[in-house]
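Notes for the structure review
Here are the chains, one letter per residue:
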Amino acid sequence: MIKNKNYILLLLVTAFFFGCPAEDDDGDCMKTITIPQFYIVNSQTYSYNISQEVPCDFPEPTEPELIEPPTLENFSYEVLSFIFTPDTGNNTSRLQFEIMLNNPNAYAVNGVPILTINADGLESSGSFSNDASTPCYQLGEDSSCILTYDQQSSLDLGIIESIELLNVEYILTD
């Protein structure tokens, strides 16, 4: 009976020292994980998942990752007109513009034009598409769209003396 116990003990010790390691010492063990990502444009959230190959000891993501919104590559724009009237005489200011948005790519896209403006020294970015007569939410392949905006704002909240357009980007929503 003692011989059997010693034999079993010897087998366990041998298996412990010469068995397969619990971790892959070579670092070759890889797995594919799904990473949930999201971004926010115009107070709307857009989300999707990406797959990535990582080492086996890499932790699984538990929370979605906030990323910068993707922009349209090779995008260009041309300002056809940009007129700001600080006081129309009707207790309003008026902003009018036409901006040609160009998609030179061989694929159509859905998105939102984001304008960066300087209003009396305060720089801000946002979309004017919700109030535009032509919002340009879609750009066909190798085509253009003219973002057309003409709105008046009450002077009750204060008078803005000048608005300058600094930049236009096209943020993808699809």
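Our subject is the structure that appears above.
Residues numbered from 1 in each chain as written. Predicted model: local features only at pLDDT ≥ 70, side-chain atom pairs only at ≥ 80, totals over all residues. Heavy atoms only, no water.

**Observations regarding the overall build of the chain**
Within the chain, the regular secondary structure consists of one helix and 10 strands. Roughly 11900 Å² of accessible area belongs to the chain as shown, and the carbon and sulfur atoms make up 51% of that amount. (Helix = DSSP H or I, 4+ residues; strand = E, 2+ residues; numbered from the N terminus. Areas by Shrake-Rupley, 256 points an atom, 1.4 Å probe, with all protein chains shown as cover.)

**Side note on the environment of I171**
Locating I171 in the fold gives a position in strand β10 (residues 163–172). With sequence-adjacent residues up to four places away left out, I171 is seen in contact with V41, P69, P70, T71, N110, G111, V112 and I114. (Contact = heavy atoms within 4.5 Å.)

**Looking at the nonpolar core**
With 23 residues, the main nonpolar core has F97, L101, L115, L139 and Y170 as its most contacted residues. Sort the elements by how many residues they give to this core and β10 lands first, with five residues. (Core = buried A, V, L, I, M, F, W, Y, C linked by side-chain atoms within 4.5 Å. Buried < 20%, exposed > 50% of the residue type's maximum accessible area, 1.4 Å probe, protein only.)

**Let's talk about the packing of aromatic side chains**
One pass over the full model with this rule turns up seven aromatic pairs. With 5.6 Å between their ring centres and 85° between their planes, F97 and F128 make a pair best called edge-to-face. With F97 in strand β5 (residues 92–103) and F128 in the loop between β7 (122–126) and β8 (138–139), this residue pair connects regions lying 31 residues apart in the sequence. The two residues F97 and F128 agree in class, both being buried. Three or more aromatic residues link up through ring pairs in this structure, and these residues are F82, F97, F128 and Y149. (Phe/Tyr/Trp six-rings, centres within 6.5 Å; stacked < 30°, edge-to-face > 60°.)

**Concerning the sheet that holds strand β1 (residues 30–41)**
The three strands are arranged β2-β1-β3 in an open sheet whose pairing can be described as mixed. Sheet topology places β2 (44–55) and β3 (65–66) at the edges, where each strand pairs with a single neighbour. (Pairing = 2+ DSSP bridges.)

**Some points on unusual backbone geometry**
Phi is positive for N74, close to 65°, though the residue is something other than glycine. Inspection of the secondary structure puts N74 in the loop between β3 and β4 (76–85). In this model, D120 sits at a positive phi of 50°, which is unusual for a non-glycine residue. Note on placement: D120 falls in the loop between β6 (109–119) and β7.

**Considering the state of the cysteines**
What is meant by a disulfide is a covalent connection between two cysteines, made through their sulfur atoms. Counted under the stated rule, the structure contains two disulfides. Across a sulfur-sulfur distance of 2.1 Å, C136 and C145 are joined as a disulfide pair. Looking along the S-S bond of the C136-C145 disulfide, the torsion reads about -85°, which is the left-handed sense. Each member of the pair, C136 together with C145, is buried. Looking at the chain, its bonded cysteines, counted consecutively from the start of the sequence, adopt the pairing 1-2, 3-4. (Disulfide = S-S within 2.5 Å.)

**Focus: the sheet that holds β5**
Reading across from one edge, β4-β5-β9 is the order of the three strands in this open sheet, with antiparallel pairing throughout. With one partner strand each, in any of the chains shown, β4 and β9 (143–154) form the two edges of the open sheet. If you compare each strand with its neighbour and ignore which way they point, the axes differ by 10° on average. (Axes fitted to C-alpha atoms, helices over the stretch in contact; angles between N-to-C directions.)

**Some thoughts on the pairing of β7**
Burial within β7 is sparse, with just zero of its five residues counted as buried. Direction of pairing for β6 relative to β7: antiparallel, over a ladder of five bridges. Note that in β7 the partner of L115 across the bridge is G126. Between β6 and β7, which pair antiparallel one after the other, the connecting turn spans two residues, and D120 there sits at a positive phi close to 50°.

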